[in-house]
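Spelled out from the first residue to the last, the chains are:
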Amino acid sequence: QASLYEEAGADRLAFWAKQARERLTWSKDFDEVLDWSDAPVAKWFVGGELNVAYNCADRHVEAGNGERVAIHFVGEPGDEQAITYADLTERVQRAAGALRAAGVEAGDRVAIYLPMIPEAVFAILACARLGAPHSVVFGGFSSEALHTRIADADAKIVITADGQFRRGKVAPLKAAVDAAIAHGDDESPVETVLVVQRTKGEVEWHEGRDQWWHDVVDGQSETHEAQPHDS
């Protein structure tokens, strides 16, 4: 530990270049560690290309660690999942395929309004796989707060759940999404709402816009090649 501090203190840029090259898989090596010419905007690892989702999932499978548990999930009702790196990779690839089928391309924005369930991780990494910036909105925020985040990001897709479990009770989520989309006079940018079936509670349904996560994601291909993106 002390040696790492010493190494970083002696030459911080060389230290971070070493960490980046040894700990991450790059599709294209970076040319410059840090560009501080437009302060206070900092650009790290300039010229490099990589895929965050690949680094979080695929590469661990390729290294022979596919059967190691990546996520051990325990839900409030007591449900459990042990998700291996192989499982994680497959489910992220399916989710990325579903987002692509819904029209999401690199640069498109996605709003994620989910409880703390595995699908939240799959959704985040699927966006990263596609190069789609995503806004993760806390599931306790109001519909108005969600509306402002959707509008600010100009999000074309919202990923949510029918509801969530909080302190032993079922709390709705999908209803807040509906209210957020209907809020205000301007037309919402949201084209698709993907809904994870978590509590199996009743929800209002908007045909042509709303889709069940399992209907869309489960039928996708198990393979989706990660594309490199600018670091």
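Structure shown above.
Rules and cut-offs
- Residues numbered from 1 in each chain as written.
- Predicted model: local features only at pLDDT ≥ 70, side-chain atom pairs only at ≥ 80, totals over all residues.
- Heavy atoms only, no water.
- Pairing = 2+ DSSP bridges.
- Helix = DSSP H or I, 4+ residues; strand = E, 2+ residues; numbered from the N terminus.
- Axes fitted to C-alpha atoms, helices over the stretch in contact; angles between N-to-C directions.
- Core = buried A, V, L, I, M, F, W, Y, C linked by side-chain atoms within 4.5 Å.
- Buried < 20%, exposed > 50% of the residue type's maximum accessible area, 1.4 Å probe, protein only.
- Contact = heavy atoms within 4.5 Å.
- Polar contact = N/O pair within 3.5 Å; in protein donor to acceptor, adjacent residues only side chain to side chain.
- Parallel < 35°, antiparallel > 145°, perpendicular 65-115°, else oblique.
- Left-handed = near helix turned anticlockwise from the far one by under 90°.
- Nonpolar A, V, L, I, M, F, W, Y, C, P; charged D, E, K, R; others polar.
- Salt bridge = Lys/Arg side-chain N within 4 Å of Asp/Glu carboxyl O.

Trainee: Quick one: what's the story with the sheet that holds strand 6 (residues 110-113), residue by residue and with numbers?
Mentor: The sheet built from 5 strands is open, its strands ordered 7-6-8-11-12 with parallel pairing. The open sheet has two edge strands with one neighbour each: strand 7 (134-136) and strand 12 (210-212). Neighbour to neighbour, the strand axes of the sheet diverge by 20° on average, direction disregarded. Pairing of strand 6 with strand 7, which is carried by 3 bridges, proceeds in the parallel orientation. In the strand pairing of strand 7, isoleucine 112 is matched with valine 136.

Trainee: Give a detailed account of the nonpolar core, specifying residues and quantitative values.
Mentor: With 49 residues, the main nonpolar core has Leu88, Leu99, Val110, Leu114, Ile150, Ile159 and Trp213 as its most contacted residues. The dominant element in this core, judged by the number of residues it contributes, is helix 5 (residues 118-130), at 8 residues. Residues contacting valine 110, with those up to four places away along its chain left out, are Val104, Cys127, Ala132, Pro133, His134, Ser135, Ala155, Ile157 and Ile159. Among the nonpolar cores identified, the runner-up in size contains 7 residues, and Ala17, Trp26, Phe30 and Leu50 belong to it.

Trainee: Can you tell me about the side chain of asparagine 55, naming the residues and giving the values?
Mentor: Of note, asparagine 55 is situated in helix 3 (residues 52-65). For asparagine 55, a relative accessible area of 5% puts it in the buried group. A distance of 2.7 Å separates the side chain of asparagine 55 from the backbone nitrogen of threonine 25, its partner in a polar contact. With sequence-adjacent residues up to four places away left out, asparagine 55 is seen in contact with Leu24, Thr25, Leu50 and His60.

Trainee: So, the packing of helix 3 against helix 4 (residues 85-101): which residues are in play, and what are the values?
Mentor: For the pair helix 3 and helix 4, interaxial distance at closest approach is 9 Å and the crossing angle is 135°. By the angle class used here, helix 3 and helix 4 are oblique. In this structure, helix 3 crosses over helix 4, and the sense of that crossing is left-handed. From helix 3, Ala53, Cys56, Ala57, Asp58, His60, Val61 and Asn65 reach across to helix 4, where they touch Tyr85, Ala86, Leu88, Thr89, Val92 and Gln93. Broken down by class, the residue content of the contact of helix 3 with helix 4 amounts to 8 nonpolar, 4 polar and 1 charged.

Trainee: How would you summarise the side chain of threonine 160 if you had to cite specific residues and measurements?
Mentor: Here threonine 160 lies in strand 8 (residues 157-161). Judged by relative accessible area, threonine 160 falls into the buried class, the value being 0%. Discounting residues that sit within four places of it in the chain, threonine 160 has contacts with Tyr113, Leu114, Leu173, Lys174, Val177, Val193, Leu194, Val195 and Val196.

Trainee: Provide a residue-level description of the pattern of salt bridges, including the pertinent values.
Mentor: Going through the model one piece at a time under the given rule, you end up with 14 salt bridges. We note a salt bridge from lysine 174 to aspartate 178, for which the minimum N-O separation is 2.8 Å. With lysine 174 and aspartate 178 both in helix 7 (residues 174-182) and 4 residues apart, the pair spans about one turn of that helix. Grouping residues by exposure puts lysine 174 and aspartate 178 together as buried. Through salt bridges with shared partners, one network takes in Lys174, Asp178, Arg209 and Asp210.

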